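Structural overview
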Amino acid sequence: MRNYLISIGFILMVMICVASCDTTRGKITFISIGTGGTGGAYYPYGGGLAEIWSKYVPGIKVLAEVTAASVENVRLAHKGETVIGEIMGDVAYQAFYGSGKFKKSGPQKILALAVMYPSTLQVVTLKGSGLNNLQQLKNRVVSIGAPGSGTAFMSELILTALDIPLESISTRRLSFVETSNALKDHTIRAGIWCVAPPPSSILDLSTTHDINIIPFPAENQAAICRKYPYYSAFNLPADLYRGVDKVVPTISVWNIIICYSNLSEDLIYSLTKVLFEHNDYMKQVHPYARFTTMKNTIEHSPIPLHTGTIKYLREK
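Everything in this summary refers to the structure shown in the same document. Since we're looking at a predicted model, the values are computed, not measured.

Criteria and cut-off values
- Residues numbered from 1 in each chain as written.
- Predicted model: local features only at pLDDT ≥ 70, side-chain atom pairs only at ≥ 80, totals over all residues.
- Heavy atoms only, no water.
- Helix = DSSP H or I, 4+ residues; strand = E, 2+ residues; numbered from the N terminus.
- Rg over C-alpha atoms; globule rule 2.2 N^0.38 Å.
- Buried < 20%, exposed > 50% of the residue type's maximum accessible area, 1.4 Å probe, protein only.
- Contact = heavy atoms within 4.5 Å.
- Areas by Shrake-Rupley, 256 points an atom, 1.4 Å probe, with all protein chains shown as cover.
- 1 Å grid on protein atoms, 1.4 Å probe; cavity = no way out; pocket = protein on both sides within 12 Å on 5 of 7 lines; lining within 4 Å.
- Points joined across faces, edges and corners; volume = space filled by probe spheres on them.
- Nonpolar A, V, L, I, M, F, W, Y, C, P; charged D, E, K, R; others polar.
- Axes fitted to C-alpha atoms, helices over the stretch in contact; angles between N-to-C directions.
- Parallel < 35°, antiparallel > 145°, perpendicular 65-115°, else oblique.
- Left-handed = near helix turned anticlockwise from the far one by under 90°.
- Phe/Tyr/Trp six-rings, centres within 6.5 Å; stacked < 30°, edge-to-face > 60°.

1. Quick notes on the overall build of the chain
- Looking only at helices and strands, the chain features 12 helices and 10 strands.
- Relative to the 2.2 N^0.38 estimate, which gives 20 Å for 316 residues, the radius of gyration of the chain is 19 Å and therefore close to what a compact globule would have.
- Reported as C-alpha extents along the three principal axes, the dimensions of the chain are approximately 65 × 45 × 40 Å.
- Residues counted as buried form 52% of the 316 residues belonging to the chain.
- For the chain, the proportion of contacts with a sequence separation of at least 24, taken over those separated by at least 6, is 75%.
- Accessible surface computed for the chain: about 13,800 Å², of which carbon and sulfur atoms make up 54%.

Below is the structure:
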């Protein structure tokens, strides 16, 4: 009941914000950012955004809200509930164009505000599990990510591309923290993360348990990237986690900040300006903020940029 009341409070607050989303003199506009679970990178990154935007954009107060991440953040932004969201590029592409998972609901009312950083797919098991390649996930209990998350979205696409249908796996849809705990308790055999490495949830797991990250051979990387051009091959560096001392080949996808497409050009211009001009602080929040650059925003956004972002980029 307590969580329900908190959720209702957030929705009411954000409805008020959307109804008066301007920065007129003397008016405080409340904006909610859809982030993700507390065990990933979206939540601290979104908290950093909330801090710099609240501090440096006049008339704006911003809150970072825990959500199920990418897919939910699209739906919230489309409705104008959380008008800013952090999402994965594959979700953004299908949502904007109304394809794939969004074919029934149609194109969503979102645009890109900026590109954040690449996330990597990490398929984690405990050493001694006997799982050393992706095909061995069949007939095993595997957490593919929380419902409505980008991890769950990407897991399904990647596994299907490798001829591992979800029906062949006993799936669990757990958050990052729940996945880590389920591996500790031996209630699942593998867990999938799509996140900027290293997330706190895997770090925590690796401090108490010996882990293994299943590699993606070059032929698997090539097959996935041919089918889904918004994915890229990526080598996860060695020594990110205790006991994982070799480079692990895997798949990456760029993450972006989206906004409700009806937000004013002036507002998005101000948010974009503060984001790029205070990125040194964002790097302190999360080291992967070093990828949040104007160049990457221009080159790697899978959907069109908001006119407010374009105005700022043209100025620079």
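2. A few points about empty space enclosed by the protein
- Scanning the entire structure with this criterion turns up 1 cavity of 30 Å³ or more.
- Put simply, the largest cavity is a space of about 40 Å³.
- Forming the boundary of the largest cavity are Leu-121, Val-123, Leu-134, Ser-155, Ile-158, Leu-159, Leu-162, Ile-192 and Phe-216.
- Of all the elements, helix H5 (residues 150–161) adds the most residues to the lining of the largest cavity, at 3 residues.
- Here the residues of the lining of the largest cavity sort into 8 nonpolar, 1 polar and no charged.

3. Topic: the packing of helix H6 (residues 176–184) against helix H7 (residues 200–208)
- In the contact formed by H6 and H7, the axes pass within 9 Å of each other and the chain directions differ by 15°. The orientation of H6 relative to H7 falls into the category roughly parallel. Judged by the twist between their axes, the crossing of H6 over H7 is right-handed. Of the residues in H7, those in contact with Phe-176, Val-177, Ser-180, Leu-183 and Lys-184 of H6 are Ser-201, Asp-204, Leu-205 and Thr-208.
- Across the contact of H6 with H7, the residue classes tally to 4 nonpolar, 3 polar and 2 charged.

4. Comments concerning the packing of aromatic side chains
- Following the criterion strictly, the structure yields 13 aromatic pairs and no others.
- Look at Trp-254 and Phe-291: their rings are 6.2 Å apart centre to centre, the planes differ by 80°, and that puts the pair in the edge-to-face class. Here Trp-254 is found in strand E10 (residues 248–260), whereas its partner Phe-291 is found in the loop between helix H10 (279–285) and helix H11 (294–300), with 37 residues between them in sequence.
- Here Trp-254 falls in the buried class, since its relative accessible area comes to 17%.
- According to the relative accessible area criterion, Phe-291 is partly exposed, its value standing at 23%.
- For the ring pair Tyr-269 and Tyr-312, a centre distance of 6.0 Å and an interplane angle of 65° mean the geometry is edge-to-face. In this pair, Tyr-269 is assigned in helix H9 (residues 265–277) and Tyr-312 in helix H12 (residues 307–315), connecting sequence segments 43 residues apart.
- Since its relative accessible area comes to 15%, Tyr-269 is described here as buried.
- Note on Tyr-312: relative accessible area 2%, which makes it buried.

5. A word on the pairing of strand E3 (residues 84–88)
- E3 sits mainly inside the fold: 5 of its 5 residues count as buried.
- Judged by which residues are buried, E3 turns out to be covered on both faces: Ile-84, Glu-86 and Met-88 on one side and Gly-85 and Ile-87 on the other are all buried.

6. Considerations on the environment of Ala-95
- Among the secondary structure elements, Ala-95 is positioned in helix H4 (residues 89–97).
- According to the relative accessible area criterion, Ala-95 is buried, its value standing at 0%.
- For the pair Ala-95 and Val-71, spaced 24 residues apart in sequence, the C-alpha to C-alpha distance is 8.5 Å.
- Beyond its immediate sequence surroundings of up to four residues, Ala-95 is in contact with Val-74, Phe-102, Gly-106, Pro-107, Gln-108 and Ile-110.

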